[in-house]
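Below are the chains, spelled out letter by letter.
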Amino acid sequence: MIKQALSDEILMAVDKPSRYIGHEINMVEKDPCSVDIRYAMCFPDVYEIGMSYLGIQILYDMFNRREDTYCERVYCPWPDLDKVMREQRIPLFSLETQSPIRDFDFLGITIQYEMCYTNILQVIDLSGIPLFSKDRTKEDPIIIGGGPCTYNPEPVADFFDIFYIGEGEESYDPLFTLYKSYKHSNMSRREFLYRASMIPGIYVPSLYEVTYHEDGTIEAVKPIPYHADGDGNSIAQEELLPPEKIRKVVVRDFEKAPYPVKPVVPYLRATQDRVVLEVMRGCIRGCRFCQAGMIYRPTRQKPVSLVESYVDTMLKNTGYDEISISSLSTSDFEGLPELMDFLVDKIDREHIQVSLPSLRVDAFSLDVMKKVQDIHKVSLTFAPEAGTQRLRDVINKGLKEEDILGGVTQAFAGGWNKVKLYFMMGLPTETEEDVEGIPELCEKISEAYFDTVPKEERVGSLSITASASYFVPKPFTPFQWAPMLDRETYVKHACHAKEHFRKMRNTKRMRFAYHDQDISLIEGIYARGDRRLSSLVLEVYRQGGIFDAWTEFFSMQRYTDAMQKLGIDQEFYLTRPRDVSETLPWDHIDCGVSKQFLIREWERAQQGIVTKNCREQCSGCGASCFFEGACPAMH
């Protein structure tokens, strides 16, 4: 029986103690002494958030299939336990064996969101590992980061030994093979990192030097040649020169990629508490604001027969009665009609539920939703993103007003009377007319309801909920050069939209809310930040900043004070226009989508020109390079 890292007294005193005890259904159990590699897999947030992330489930399953590896999990302790652990000097531990994280060979941290950066330091610090990569020795774990934020990892580069760029199924085997040679030899940590940098998709930030112009922009990011410097090995410099650019790695044979058909089932309700079926990676749409739509190219699909084979196995292995389809744009999965026939049959026979996020509002989708939702239809949710057709063309949304109104009209005729709409404010070229377009579009939708549904057939009342988020430009999108709207203008636009809602004839049936601007501002600073921002992450953490993604713990004053102390200019990172000739902090990373394509899309955006989706016409984005020119999105 494994001894718990926390005493019963501590567990009884903290919120949701089941976050910390392990022993869940399908948890992998191995003898830690029988393996060569111990890997602590971390999601830098609370347990129920981290347990919902499919990427960790995939890697957890994949690593534990190896006889030489034991992958365990670790999440951030909630602030109540964080306080106790610091006071009683309890090191951060894994769930599976309750072992101190500092005893592992690897600490892998997935970075989904910039506002988790201070939580990364919480994990490293509570583990008793030096915060900076340069201070670690061979006795310390290799800290490796993965996930979407690694496409610009520079603000946290000083804290990581390695970043894994791309899909995790590809390059871990050679990395683990190299690590075992390092572990059982006199190879230095530094030489290991140089040799690791030769592996596709592996970025070792300490092996690159960043220089700056006088105006603060980046002059260059260049690899540092290897020098022995007392390592005791005679190695030619050219043999260990890191690549000028680190290209992401992708799964080419998506059908054969490992998938966790026996996922760990949490004790408490997780955010994604159901069977998750990944049917497709990538997206064909090319929305110019969407980082995921660019960095996960090219689109690849799983055969319907394979997905169907997962269903029975995963339901049996987990005890769940709900299935969620996972992809960036479920409507674009070509096997969806066939898959839905299969799932609808299971709904009828086995009374399971099916969740279908990321559907476009069209006749087929509505027909599907009628089949999977009960008589009390939940809200119909879709994202126009912008209130006017002009701005939707700028962002390449590929959605016309007649499509929106046609979709909701069919929905109203089918019995729906609740609609949720998602918009962004601060998009490039946004005008006051675009802001007013948000309530005006909602008004047109309300009119469509009253025109479609006769009074005697109305059940309940119409409800339209619109919410607007603060647009944050992201790396590897056509909008990576766009200035972020300043805080005052964003609030002004949001208040103007709110006031305009009050002028609508059906205003009583509409609700409008806009997101917190301060968290989005810090996200914007980190998203396009450079290495100099590591000092900001560290200072905020030292002043007590953790769980900054949670509004109840976020403090803008803490960030403002830290930036003032460190002399960091917010406007340099936020509202400053960037020329396409500027060297960006992430230019030494190659996501497969070419910079020339992004520049072309940035220019088309400013002209309001729409680019067709990948299945209609290849736009030459460059992602076909992973398949020798034969892009799978075109098949």
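Remember, it's a predicted structure, so these values are computed and weren't measured experimentally. (Residues numbered from 1 in each chain as written. Predicted model: local features only at pLDDT ≥ 70, side-chain atom pairs only at ≥ 80, totals over all residues. Heavy atoms only, no water.)

*Asks:* Give me the overall build of the protein: which residues, what numbers.
*Replies:* Helix and strand counts for the protein stand at 20 helices and 19 strands. For a compact globule of 635 residues, the expected C-alpha radius of gyration is about 26 Å, and the protein comes in at 25 Å, within 12% of that figure. If one aligns the C-alpha atoms of the protein with their principal axes, the spans along those axes are about 85 × 60 × 55 Å. When contacts within the protein are restricted to residue pairs at least 6 apart in sequence, those whose partners lie at least 24 apart make up 77%. Just so you have it, the protein exposes about 26,100 Å², and 49% of that area is on carbon and sulfur atoms. For the protein, the separation between the mean place of its 74 positive charges and that of its 96 negative charges on side chains is 2 Å. (Helix = DSSP H or I, 4+ residues; strand = E, 2+ residues; numbered from the N terminus. Rg over C-alpha atoms; globule rule 2.2 N^0.38 Å. Contact = heavy atoms within 4.5 Å. Areas by Shrake-Rupley, 256 points an atom, 1.4 Å probe, with all protein chains shown as cover. Lys, Arg positive; Asp, Glu negative; His and termini not counted. Charge placed at Lys NZ, Arg CZ, Asp CG, Glu CD.)

*Asks:* Can you lay out helix 9 (residues 304-318) for me, pointing to particular residues and giving the numbers?
*Replies:* With 15 residues, helix 9 extends 21 Å between its outermost C-alpha atoms, agreeing within 8% with the 21 Å of an ideal straight helix rising 1.5 Å per residue. Those residues of helix 9 lying buried are Val-304, Leu-306, Val-307, Glu-308, Tyr-310, Val-311, Met-314, Leu-315 and Thr-318. Against strand 10 (275-278), strand 13 (322-326) and helix 10 (336-350) lie the buried residues of helix 9. Remark: Gly-319 follows helix 9 within two positions and exhibits a positive phi of approximately 80 degrees. (Expected span 1.5 Å × (residues − 1). Buried < 20%, exposed > 50% of the residue type's maximum accessible area, 1.4 Å probe, protein only.)

*Asks:* Describe unusual backbone geometry, with residues and values.
*Replies:* Backbone geometry follows two general trends: most residues other than glycine have a negative phi, and most peptide bonds adopt the trans configuration. Arg-297 connects to Pro-298 through a cis peptide bond whose omega is 0 degrees. If you trace the backbone, Pro-298 turns up in the loop between helix 8 (292-295) and strand 12 (300-301). Backbone geometry places Asn-396, a non-glycine residue, at a positive phi of 60 degrees. With respect to the element layout, Asn-396 can be found in the loop between helix 12 (389-394) and helix 13 (401-413). The class for Asn-396 is buried, based on a relative accessible area of 3%. A positive phi angle, near 60 degrees, is found at Phe-476, a position not held by glycine. Mapped onto the elements, Phe-476 comes out in the loop between strand 17 (463-470) and helix 15 (487-501).

*Asks:* Kindly report on the sheet that holds strand 3 (residues 106-110), identifying the contributing residues and their values.
*Replies:* What links the strands of a sheet is backbone hydrogen bonding, and the strands pair in either a parallel or an antiparallel sense. The strand order 2-1-3-4-5-6 describes an open sheet built from six strands, whose pairing is mixed. In this open sheet, the two edge strands, each paired with only one partner strand, are strand 2 (69-75) and strand 6 (202-203). Inspection of the sheet shows strand 3 paired to strand 4 (residues 142-146) by five bridges, in the parallel sense. Bridging across to strand 4, Thr-110 finds its partner in Gly-146. (Pairing = 2+ DSSP bridges.)

*Asks:* Account for the environment of Thr-177, naming residues and giving values.
*Replies:* Summarising the element assignment, Thr-177 is placed in helix 6 (residues 172-183). Judged by its relative accessible area of 47%, Thr-177 is partly exposed. Considering only alpha carbons, one finds Thr-177 and His-227, 50 residues apart in sequence, at a separation of 23 Å.

*Asks:* If you had to explain the pattern of salt bridges to someone new, which residues and values would you point to?
*Replies:* One pass over the full model with this rule turns up 46 salt bridges. We note a salt bridge from Arg-19 to Asp-15, for which the minimum N-O separation is 3.9 Å. We note a salt bridge from Asp-332 to Arg-285, for which the minimum N-O separation is 2.5 Å. You can see Asp-332 sitting in the loop between strand 13 and helix 10 and its partner Arg-285 sitting in the loop between strand 11 (280-281) and helix 8, a full 47 residues away along the chain. (Salt bridge = Lys/Arg side-chain N within 4 Å of Asp/Glu carboxyl O.)

*Asks:* Can you break down the side chain of Gln-57 residue by residue, with the values?
*Replies:* You can see Gln-57 is positioned in helix 3 (residues 54-64). A distance of 3.3 Å separates a polar side-chain atom of Gln-57 from the backbone nitrogen of Val-264. (Polar contact = N/O pair within 3.5 Å; in protein donor to acceptor, adjacent residues only side chain to side chain.)

*Asks:* So what's going on with the state of the cysteines? Residues and values would help.
*Replies:* Counted under the stated rule, the structure contains zero disulfides. The thiol of Cys-71 is not disulfide-bonded; the next cysteine sulfur, from Cys-42, is found 11 Å away. Note on Cys-149: no disulfide assigned, nearest cysteine sulfur contributed by Cys-116 at a separation of 7.9 Å. Among the residues examined, Cys-149 registers a relative accessible area of 7% and is labelled buried. (Disulfide = S-S within 2.5 Å.)

*Asks:* Mind laying out the sheet that holds strand 13, listing which residues take part and the relevant values?
*Replies:* If you walk across this open sheet you meet the three strands as 10-13-14, and the pairing is parallel. Looking at which strands have only one partner, the edges of the open sheet turn out to be strand 10 and strand 14 (353-355). Averaged over neighbouring strand pairs, the angle between their axes works out to 25 degrees when direction is ignored. When strand 13 meets strand 14, the two strands line up parallel, connected through three bridges. Looking at strand 14, one finds that Ser-324 is bridged to Ser-355. (Axes fitted to C-alpha atoms, helices over the stretch in contact; angles between N-to-C directions.)

*Asks:* Account for the packing of helix 15 against helix 16 (residues 517-527), with residues named and values stated.
*Replies:* Close contact between helix 15 and helix 16 brings their axes to 11 Å; oriented N to C, the two are set at 140 degrees. Accordingly, the angle class assigned to the pair helix 15 and helix 16 is oblique. Along this stretch, helix 15 crosses helix 16, giving a crossing that reads as right-handed. Residues Arg-487, Tyr-490 and Val-491 of helix 15 form the contact with helix 16, whose own contacting residues are Gln-517, Asp-518 and Leu-521. Its residues placed into classes, the contact of helix 15 with helix 16 shows three nonpolar, one polar and two charged. (Parallel < 35°, antiparallel > 145°, perpendicular 65-115°, else oblique. Left-handed = near helix turned anticlockwise from the far one by under 90°. Nonpolar A, V, L, I, M, F, W, Y, C, P; charged D, E, K, R; others polar.)

Everything listed here is a matter of coordinates, which is why it stays silent on function.
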